[in-house]
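# Tertiary structure, described
One letter stands for each residue in the lines below.
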Amino acid sequence: MVFLSGCAAPITVTERSLTQTYKARNQSALISNTLSTTSLTTLRRQNLLDTWRRNPAEAINRLRSMTQRQFYAQSLTDQLFTLSELTYLHARKTHDKAYFMAAALYAYAYLNPRAPDAERPSPFSQHFRQACDIYMLSLTEAFGAPVQVASQHWTLPFGTLDLDGVPSSYKWYGHSLADLRPLARLSITGIENIYSHTGLGEPVGALPRLSNAEDKSFTISDKLRVPLNLQLVLPSPRTQILSNTLQGHLALTAMDEAPRPNTTSPRQYDQTAARAVSLDETMDWSLEYKGFLDGRLFDQTKSPQLFTIEPHQYGHRPVILVHGTASSAARWASMVNDLMEDPVIRQNYEFWFFSYATGNPIPYSALQLRQALSHTIQQLGGTQADPALGQMTLIGHSQGGLLIKLLAIDAGNKLWDGMVPKPLDSLKISEKYKQFLHETLFPAPLPDIKSVVFISTPQHGSYLAGFSIAHMVGRMVSFPLTVTEATRAVLASDPTLRRLNMRPWRVGSVYGMSPHSAFMRSLAPIPVTPDITAHSIIPVTGTAQNLEKADDGVVTYKSAHVPYVASELVVPHSGHSTQSNPITIAEVRRLLLENLQQTTTTETLTKQDVSTMGGVYRSPEHPLASSEQIQQAQATP
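Quick caveat, the model's predicted, so the values are computed rather than measured.

### Some thoughts on the overall build of the protein chain
- When helices and strands are tallied, the protein chain shows 28 helices and 15 strands.
- Looking at the protein chain residue by residue over its 637 residues, the buried ones come to 54%.
- Within the protein chain, contacts between residues at least 6 apart in sequence are counted, and of these 77% link residues at least 24 apart.
- Within the structure as shown, the protein chain displays about 29000 Å² of accessible surface, and the carbon and sulfur contribution to it stands at 53%.

### Observations concerning helix α5 (residues 56–69)
- A rise of 1.5 Å per residue sets the reference length of α5, with its 14 residues, at 20 Å; its end C-alpha atoms lie 20 Å apart and thus fit the reference within 8%.
- Taken residue by residue, α5 has A57, A59, I60, L63, R64, M66 and T67 as its buried positions.

### Let's talk about the packing of helix α6 (residues 76–94) against helix α8 (residues 126–143)
- Remark: α6 packs on α8, axes separated minimally by 11 Å, with the N-to-C direction vectors making an angle of 40°. Of the possible angle classes, the one that applies to α6 and α8 is oblique. Crossing of α6 over α8 shows left-handed handedness. Contacts from F81, S84, E85 and Y88 in α6 reach H127, Q130, A131, I134, L137 and S138 in α8.

### Concerning the environment of A333
- By secondary structure assignment, the location of A333 is in helix α13 (residues 333–339).
- A residue is classified by how much of its surface remains accessible, and A333, at 15% relative accessible area, is buried.
- Along the backbone, A333 and E192 are 141 residues apart, and their C-alpha atoms lie at a distance of 8.9 Å.
- Once residues within four sequence positions are removed from consideration, A333 is found in contact with I191 and L279.

### Description of the pairing of strand β1 (residues 152–155)
- Residues Q152 and W154 of β1 are buried on one face, while the alternating residues H153 and T155, pointing to the opposite face, are not.
- Pairing between β1 and strand β2 (residues 160–164): four bridges, direction antiparallel. Residue pairing in the sheet places H153 in a bridge with D162 of β2.
- Between β1 and the antiparallel strand that follows it, β2, lie four residues.

### Thoughts on the nonpolar core
- Within the largest apolar cluster, 68 residues are counted, with the highest numbers of intra-cluster contacts made by M101, L161 and L232.
- The greatest single-element share of this core, amounting to 13 residues, is contributed by helix α7 (residues 97–111).
- In this structure L161 touches M101, L105, Q152, H153, W154, L156, L232, L234, L246, Q247 and G248, once residues within four positions along its chain are discounted.
- Y356, I449, V528 and V562 belong to the second largest nonpolar core, which has 38 residues in total.

### As for the packing of aromatic side chains
- Going through the model one piece at a time under the given rule, you end up with ten aromatic pairs.
- Arranged with centres 6.0 Å apart and planes meeting at 70°, the rings of Y88 and F100 form a pair that is edge-to-face. Here Y88, found in helix α6, pairs with F100, found in helix α7; they are twelve residues apart in sequence, far enough to count as distant. Side by side, Y88 and F100 carry an identical accessibility label, which is buried.
- With a centroid separation of 6.3 Å and an interplanar angle of 80°, the aromatic rings of F143 and W154 are classed as edge-to-face. Here W154 lies in strand β1 and F143 lies in helix α8, a separation of eleven residues in the sequence.
- By relative accessible area, which is 9% here, F143 ends up buried.
- When the ring centre of Y617 is taken as origin, the NZ or CZ atom of K607, which lies over that ring, is 5.1 Å away.

### Focus: the pattern of salt bridges
- Applying the stated criterion to the full structure yields ten salt bridges.
- The salt bridge involving R129 is made with D133; its shortest N-O contact spans 2.9 Å. One end of the pair, R129, and the other, D133, are both in helix α8, four residues apart, so they sit about a helical turn from each other.
- When the shortest N-O distance is used, the salt bridge between E548 and K558 registers 2.5 Å. Residue E548 is located in the loop between β13 (533–539) and α25 (557–560), and its partner K558 is located in helix α25; the two are separated by ten residues in the primary sequence.
- Owing to a relative accessible area of 25%, K558 belongs among the partly exposed residues under this scheme.
- It is possible to trace a salt-bridge network through shared partners that takes in D179, R181 and R225.

### Description of the packing of helix α15 (residues 362–379) against helix α19 (residues 431–441)
- Look at α15 against α19: their axes get within 8 Å of each other, and the N-to-C directions meet at 90°. The angle between α15 and α19 places the two elements in the roughly perpendicular class. Contacts between α15 and α19 involve P363, Y364, L367 and Q371 on the former and, on the latter, F436, E439, T440 and L441.
- Within the contact of α15 with α19, the residues separate by chemical class into five nonpolar, two polar and one charged.

### Side note on empty space enclosed by the protein
- According to the stated counting rule, one finds four cavities of 30 Å³ or more in the structure shown.
- Taken together, T393, I395, S451, V453, H535, V588, L591, L592 and N595 make up the full set of residues lining the largest cavity.
- For the lining of the largest cavity, the secondary-structure elements that each account for two or more residues are β11 (392–397), β12 (449–455) and α26 (582–596).
- A per-element tally of the lining of the largest cavity places α26 first, with four residues.
- Across the lining of the largest cavity, the residue classes break down as five nonpolar, four polar and no charged.

### Notes on the sheet that holds strand β3 (residues 176–182)
- Pairing is mixed across the open sheet formed by six strands, whose spatial order is β1-β2-β7-β6-β4-β3. Two strands close off the open sheet at either side, each with one partner strand: β1 and β3. Between one strand and the next, the sheet's axes are offset by a mean angle of 30°, whatever the strand orientation.
- Examined bridge by bridge, β2 and strand β7 (residues 245–254) share five bridges and lie parallel to one another. In the strand pairing of β7, L163 is matched with G248.

### A word on the environment of L279
- Turning to its location among the elements, L279 is positioned in helix α10 (residues 271–282).
- Taking the C-alpha atoms as reference, L279 lies 7.8 Å from K223; in sequence the two are 56 residues apart.
- Setting aside residues up to four positions removed in sequence, L279 forms contacts with A330 and A333.

### So, α19
- Those residues of α19 that sit buried are Y433, K434, F436, L437, T440 and L441. On an axial view of α19, the arc spanned by its buried residues comes to 165°, and they lie on one face. Residues of α19 that are exposed and angled more than 90 degrees away from the buried face: E431, K432 and Q435.

### Some remarks on the confidence of the model for the protein chain
- With 80% of its residues at a pLDDT of 70 or more, the protein chain has an overall mean of 84.
- Throughout residues 625–637 the model reports pLDDT below 50, and contacts reaching past four residues in sequence, or to other chains, amount to 19 contacts.

So, how was this worked out
Residues numbered from 1 in each chain as written. Predicted model: local features only at pLDDT ≥ 70, side-chain atom pairs only at ≥ 80, totals over all residues. Heavy atoms only, no water. Helix = DSSP H or I, 4+ residues; strand = E, 2+ residues; numbered from the N terminus. Buried < 20%, exposed > 50% of the residue type's maximum accessible area, 1.4 Å probe, protein only. Contact = heavy atoms within 4.5 Å. Areas by Shrake-Rupley, 256 points an atom, 1.4 Å probe, with all protein chains shown as cover. Expected span 1.5 Å × (residues − 1). Axes fitted to C-alpha atoms, helices over the stretch in contact; angles between N-to-C directions. Parallel < 35°, antiparallel > 145°, perpendicular 65-115°, else oblique. Left-handed = near helix turned anticlockwise from the far one by under 90°. Pairing = 2+ DSSP bridges. Core = buried A, V, L, I, M, F, W, Y, C linked by side-chain atoms within 4.5 Å. Phe/Tyr/Trp six-rings, centres within 6.5 Å; stacked < 30°, edge-to-face > 60°. Lys NZ or Arg CZ within 6 Å of the ring centre and 35° of its normal. Salt bridge = Lys/Arg side-chain N within 4 Å of Asp/Glu carboxyl O. Nonpolar A, V, L, I, M, F, W, Y, C, P; charged D, E, K, R; others polar. 1 Å grid on protein atoms, 1.4 Å probe; cavity = no way out; pocket = protein on both sides within 12 Å on 5 of 7 lines; lining within 4 Å. Points joined across faces, edges and corners; volume = space filled by probe spheres on them. Arc of directions from axis to C-beta. pLDDT = per-residue confidence, 0-100.

Here it is as structure tokens:
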């Protein structure tokens, strides 16, 4: 038997599957406790494999000594990568921050030869990206949370490291940054697509110390996490890494900063993670329902109703996003996350979010939106300071679509006359209430609006709002004092008006969106002014074949359709909350790019592109859902 065993072939060749082949080629300490083939080869050639298995720290020290002695050898890159991988794996097992820092330094030296005649790692090598990740994750573990960017001294396994901190003069749009948190280890759910910029460095998010916190009408969110890149820079890295005394500095760069001159490598950012952390730390999800039931919410909390995720930049056109009933600004996260990855949109637009108590009367919430926008434009210097402020796009979902419509129509007295049979000027009420009622129920277009986009908007009312359960919920809503007092003043001003059923629950948004409400009957026939371009995005749960009976679970196609829009897109197989649907997002992107065509030359997304994704464009004048037919249908109990 001994003789037969000695006849076994010393070399065997086995064919593997594609998956097995890929795993073998990319095996490293990043994904398991097994080293890469390169590191194992280096250990074998230096007769250190057994030492590594018995005493990892001793193996690392001996390999470092061997590398120092053959500093000018041409195999330096392999040995530096091996040192970084061995040190990283040992740091993982021991949780020793000094070893994590050493691993980052070895990886940095491998990636940055600096000397013109030095051996450079191939960017096509799998080890190149692995070294970038060892550098990133090692910095994440070494610095911990929160990340300290002040000057610091480190005791390493082989010597010392002195780091100069980030200069105190570093600002993000004039704001100091605080509470830097690592992003590399975060898992994100609730946002459809995850975006990051691959490069070198540790992705972190920081809170800006805002100087405009006292302004409650418009502000940068105080929970905003600015996506940043942190790098430990080591001058002459391959010379320093094999010495016992190292000196370097920390560099911090915001993602939206212009690239610095003489930048040798791209920087790594995790922008979706930063946005997700911002929303997670900002949002109290119970406010979606509190904001529906308590119309005084924003008056009581003094929270800003209009906020942004970045400072206004000259030439950037505002896109204002208005959510629907029992909802919040966070519902736009996936859409904004996708749109901000388009470089043309990122360079020409910025996104503002409007929040409101969604149970309040729709005209009252629209007035709050109007006042917030007007104040913000004035606060930013007006269109004379930046003409882009006069190129606003308003996008409203569900009830939010009705709010933006009230800023885009010239209603005259049509709304008032449809709801109250007496002229406003004839009522014996105080000038205070007359002015309030005129501002809410005699809306004119806001001159700075150039386009509006209606998404899932009940232009002729929602059938759900007519259900008795909706009326019961509507009775639970409490309204601001101004609304209740103005309503009482109107009823008390003329004996003939006392027969009007204007109980509080009937003026709120729930009953207001009923197809049978006087408000909806009066608003529906009023078109958007010709100076403002309007578009509709209408989801339906089924196909786009039988729109006569189609709906999105809340709003029927017939109700969402209006004849005065420039385009109408039907999104098949989508429910009411369609903001995260890729077809809906593609259409919003197309419309924003289309708006730029008048002033810039840019590659556009066409209707053909959106149709290929599954969207169905229909003629707004299609007779199936003319306003006359819808009004007739609404008149039938």
